[in-house]
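Examining the three-dimensional arrangement
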Amino acid sequence: CTFYDCANQGIGQGCQDTYHANLSCQWIDITGVPDGTYQVEVTVNPEGGILEIDTGNNRATATVDISGDVVTLVGP
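Keep in mind the model is a prediction, meaning the values are calculated, not measured.

Thoughts on the overall build of the chain
Scanning the chain for helices and strands turns up zero helices and three strands. Start at the N end of the chain and walk to the C end: the helices and strands fall as β-β-β. In the chain, of all internal contacts separated by at least 6 residues, the share reaching a separation of at least 24 is 27%. Accessible surface for the chain amounts to roughly 6600 Å². Of this, 54% is attributable to carbon and sulfur atoms.

Printed below as a string of structure tokens:
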């Protein structure tokens, strides 16, 4: 499960996909996005290209507030 890094990201069977904030490449470019509150949504395997028993956990959302250079997690 330790094979993956910034240059080679992924997940293997039996491993989890939790990354620490200090791993580079774990960010979203918000350059030019106006201040405000936004809901960020991430979907994995949206076209079903990977066979799964349960696809109910393929989407995650989080509400964030952008104020200048500060981004604050408001809620899930």
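Observations concerning a nonpolar patch on the surface
On the surface, a cluster of nonpolar side chains totalling about 400 Å² of accessible area is made up of I28, I30, V33, Y38 and V71. As for its position among the elements, Y38 is in strand β1 (residues 36-43).

Looking at unusual backbone geometry
Within the chain, N45 stands out as a residue other than glycine whose phi angle is a positive 55°. Its location among the elements puts N45 in the loop between β1 and β2 (59-67).

Some thoughts on the sheet that holds β1
Taken in spatial order, the three strands line up as β1-β2-β3 in an open sheet, and their pairing is antiparallel. A single partner strand is all that each edge strand has here, and the edge strands are β1 and β3 (70-75). Averaged over neighbouring strand pairs, the angle between their axes works out to 35° when direction is ignored. Bridging between β1 and β2 involves eight bridges; their strand directions are antiparallel. Note that in β2 the partner of E41 across the bridge is T61.

What about the environment of D69?
Among the secondary structure elements, D69 is positioned in the loop between β2 and β3. For the pair D69 and D35, spaced 34 residues apart in sequence, the C-alpha separation works out to 9.3 Å.

Conventions used here
- Residues numbered from 1 in each chain as written.
- Predicted model: local features only at pLDDT ≥ 70, side-chain atom pairs only at ≥ 80, totals over all residues.
- Heavy atoms only, no water.
- Helix = DSSP H or I, 4+ residues; strand = E, 2+ residues; numbered from the N terminus.
- Contact = heavy atoms within 4.5 Å.
- Areas by Shrake-Rupley, 256 points an atom, 1.4 Å probe, with all protein chains shown as cover.
- Patch = residues over 30% accessible without salt bridge, like charges linked within 9 Å, V, L, I, M, F, W, Y side chains within 5 Å.
- Salt bridge = Lys/Arg side-chain N within 4 Å of Asp/Glu carboxyl O.
- Pairing = 2+ DSSP bridges.
- Axes fitted to C-alpha atoms, helices over the stretch in contact; angles between N-to-C directions.

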